[in-house]
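Here is how the chains run, residue by residue.
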Amino acid sequence: MSPSTDALLRARAARVVPSGMWGHLHAARLPAGYPQFFARAEGGRIWDSDGREYVDLMCSWGPVVLGHHDPVVDEAVSRQAALGDCLNGPAPVMVELAERLVARVPHADWAMFQKNGTDATTACVMIARAGTGRRTILIARGSYHGAAPWCTPVPTGTTEADRAHQIHFAYNDIASLHAAAERAGDDLAGVIVTGFRHDNVVDQELPDPAFARAVRAVCDARGAALIVDDVRAGFRLHRGGTWEIVGVRPDLAAWSKAIANGHALAAVTGSDRWRDAASRIFVTGSFWCAAVPMAAAVATLDRLDELDAIGHMERLGRRLRDGLDALACTHGVGLRQSGPVQMPLFLFDDDEGFRIGSAFCSAALNAGAFLHPRHNMFLCAAHTDADIDQVLEAAEAGFRAIRGLAP
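To start, this report covers the structure provided alongside it. Along each chain, residue indices are assigned from 1 in the same order as the chain's sequence is written. Note on the predicted model: pLDDT of at least 70 is required for a residue's local features to be given, and 80 or more for side-chain atom pairs to be given and counted; whole-chain, interface and lining totals, by contrast, use all residues. In computing side-chain values, all of the structure's heavy atoms are included and hydrogens and water are not.

All right, on to the layout of surface pockets then. Using protein atoms alone on a 1 Å grid, points that fit a 1.4 Å probe yet trap it form a cavity, whereas open point sets bounded by protein on both sides within 12 Å along at least five of seven lines form a pocket; residues with an atom within 4 Å of a point count as lining. Grid points are joined across faces, edges and corners, and a volume is the space filled by probe spheres set on the points. Considering only enclosed or pocket space, the second largest pocket measures out at about 170 Å³ in volume. Labels follow the DSSP assignment, with helices taken as runs of H or I lasting at least four residues and strands as runs of E lasting at least two, numbered in each case from the N terminus. For the lining of the second largest pocket, the secondary structure elements donating two or more residues are α3 (93-104) and β4 (110-114). At three residues, β4 tops the list of elements feeding residues into the lining of the second largest pocket.

Given below as structure tokens:
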């Protein structure tokens, strides 16, 4: 057999790209048979470079919230591109987008823009330090806040000094939080928490309301910044920010992924208390004020409301979760589902090394569903009931494939 297009592209990439690929998009992190390269996408589906079609439950690892090629977003993008994108300064659309975010997000009095989630979380930490004159940041153990030296989960190439002035606590553990705050003493600049606990390869946890209130109380008592990293979950669980579901508002929030339906953009929103600090730090980038992604974001925020995207994703996510539970029961397999249904995660019991999950997902892939064996997935507003039916049919193939593997 002649090699596949994907295999040929991997061979070419290996000659000119270190390891052929980098970071979380490296297909080597997935089971055998998963493609590395993709040709196109539409709605809730994606096609690999060999033309195989899948229901897409990764949605570009989160950025695609409305669906690939949403027509209203595409029209806004084309309109702005005809005017200009990367200019000598921002286009008027930057002001419009900032106004939209301030009107939408209850804690926000101002907004500023970046390119990646890491840019936004890093800016939040800098603002907290600038606004307090202190150094120490409390971070939940195992949380992912990006790939800069201060937060990357793979510390190769970093130094101990990059992680200086950090103290860790356990997410949703009030006693652990208080102990970390006591260790920080008078040097506490801020506490950074993800919208919900979405650490890799573990069961997910929504924020406990009592824990969220405790974080708010610690920050208020010590004059520190409460930072919610909503890069992954923002605008998927609540239109105003994930911690709105527990009634606690941050001082600063980091956004990216779903903000512009796949166009490269990130944002920081904050309250007036932190406006001066935000104006004094120096953060910038050659492409941070690109106008096309901002036009995409304005259209995306409008479409999220117009389509009731959160409600739609929640309904389909519930269907998927209930269907997978029923199939697992039928096949007598221990399957754990956790986190919000709009961002599904399933893990198999007693699955050391993810051997069961990998076999399951490989079979589902061959049946036309692009799933992940250990990372949370994402629904989008373009997914349909027929898509969920196809995923459940693919899951049936997955359960058949793991007969004898699952305890």
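To continue, consider the nonpolar core. By nonpolar core we mean a set of buried residues, namely Ala, Val, Leu, Ile, Met, Phe, Trp, Tyr and Cys, connected to one another through side-chain atoms within 4.5 Å. Buried, partly exposed and exposed residues are distinguished by accessible area as a fraction of the type maximum, computed with a 1.4 Å probe on protein chains only: under 20%, between the cut-offs, and over 50%, respectively. Counting residues in each nonpolar core, the largest one holds 70 residues, and the members touching the most others are L371 and F399. Looking at this core element by element, the count peaks at ten residues for helix α8 (residues 291-306). Leave out the neighbours within four places in its chain, and F399 touches L324, L327, A328, H331, V333, L335, F348 and F360. Grouped together as the second largest cluster of nonpolar side chains are 26 residues, W150, C151, I192 and V231 included. Note on definitions: a residue-residue contact is assigned when non-hydrogen atoms from the two residues lie within 4.5 Å.

Overall, the coordinates contain three cavities of 30 Å³ or more when judged by the stated rule. By volume, the largest cavity is sized at about 70 Å³. Three classes are used: nonpolar for Ala, Val, Leu, Ile, Met, Phe, Trp, Tyr, Cys and Pro, charged for Asp, Glu, Lys and Arg, and polar for all others, with Gly counted as polar. When its residues are assigned to classes, the lining of the largest cavity shows eight nonpolar, four polar and two charged.

Taking burial as the measure, the seven residues of strand β7 (residues 188-194) include seven buried ones, the bulk of the element. Where strand β5 (residues 136-140) meets β7, four bridges bridge the pair, whose relative direction is parallel. Within β7, the residue paired with I139 across the bridge is I192. At least two DSSP bridges between two strands are required for those strands to pair. Sheet topology places β7 next to strand β8 (residues 225-229); five bridges connect them, and they run parallel. Bridge pairing in β8 links V191 to L226. Regarding topology, helix α6 (residues 209-222) serves as the crossover connection from β7 to the parallel β8, and that connection is right-handed. By the criterion used throughout, a crossover qualifies as right-handed when its path from the first strand across the helix to the second strand runs clockwise, the strands pointing away from the viewer.

A few words on the sheet that holds strand β2 (residues 45-48). Through backbone hydrogen bonds, the strands of a sheet pair up, either in parallel or in antiparallel fashion. Spatial strand order, β1-β2-β3-β13: four strands in an open sheet with mixed pairing. Strands with a single pairing partner mark the edges of an open sheet, and in this sheet they are β1 (38-42) and β13 (369-370). With three bridges connecting them, β2 and strand β3 (residues 53-56) associate as antiparallel partners. Residue pairing across strands places W47 opposite E53, the latter belonging to β3. Helix α11 (residues 385-401) contacts β2, β3 and β13 of the sheet and is inclined by roughly 110 degrees relative to β3. Lines fitted to C-alpha atoms define the axes here, with helix axes fitted over just the stretch in contact, and angles between the N-to-C directions of these axes take values from 0 to 180 degrees.

Let's shift gears to the sheet that holds β7. The strand order β4-β10-β9-β8-β7-β5-β6 describes an open sheet built from seven strands, whose pairing is mixed. Where the open sheet ends on each side, the last strands, each with one partner, are β4 and β6 (166-169). Here the average twist between neighbouring strands, direction ignored, is 20 degrees. Across the sheet, α3 is in contact with β4 and β10 (266-270); its angle to β4 comes to roughly 125 degrees.

The next subject is the environment of F378. Here F378 shows up in the loop between β13 and α11. For the pair F378 and A161, spaced 217 residues apart in sequence, the C-alpha to C-alpha distance is 35 Å. In this structure F378 touches D56, L57, M58, C59, W61, G62, R232, R236, Q342, M343, P344 and H383, once residues within four positions along its chain are discounted.

The subject of this paragraph is the packing of aromatic side chains. Only rings of Phe, Tyr and Trp enter the pairing, Trp through its six-membered ring, and a pair is recorded when the two centres are within 6.5 Å. The plane angle decides the type: under 30 degrees is stacked, over 60 is edge-to-face, the rest tilted. A complete count under the given rule lists eleven aromatic pairs for this structure. Each ring, one from F169 and one from F211, has its centre 6.2 Å from the other, and the planes form 35 degrees; the classification is tilted. Within this pair, whereas F169 is found in strand β6, its partner F211 is found in helix α6, the two being separated by 42 residues in sequence. For F169, a relative accessible area of 0% gives the class buried. An aromatic cluster is defined as three or more aromatic residues linked by ring pairs; in this entry it consists of Y34, F38, Y54 and F370. Lysine NZ or arginine CZ positioned within 6 Å of the ring centre and within 35 degrees of the ring normal marks a charge as sitting over the ring. The ring of F354 carries the charged tip of R374 above its face, separated from the ring centre by 5.8 Å.

Bringing the packing of helix α10 (residues 355-366) against α11 into the picture now. At a minimum axis separation of 7 Å, α10 and α11 run at an interaxial angle of 135 degrees. Judged by the inter-axis angle, α10 sits oblique to α11. The two elements α10 and α11 cross, and the hand of that crossing is right-handed. From α10, A359, F360, A363 and A364 reach across to α11, where they touch A394, A395, A397, G398, F399 and A401. Along the lines of polarity and charge, the residues of the contact of α10 with α11 split into nine nonpolar, one polar and no charged. An angle counts as roughly parallel when it lies under 35 degrees, as roughly antiparallel when it exceeds 145, as roughly perpendicular when it falls between 65 and 115, and as oblique in every other case. Take the far helix as your reference; a near helix turned counterclockwise from it by less than a right angle gives a left-handed crossing, and one turned clockwise gives a right-handed crossing.

Let us now look at the side chain of D70. Within the fold, D70 resides in the loop between β3 and α2 (71-83). On the accessibility criterion, D70 (4% relative accessible area) is buried. For the purposes of these results, a polar contact is taken to be a pair of N or O atoms within 3.5 Å, where, inside protein, one atom must be able to donate a hydrogen and its partner to accept one; residues adjacent in sequence count only when each atom of the pair is a side-chain atom. Side chain to side chain, D70 and R303 meet in a polar contact 2.9 Å long. In this structure D70 touches N261 and R303, once residues within four positions along its chain are discounted.

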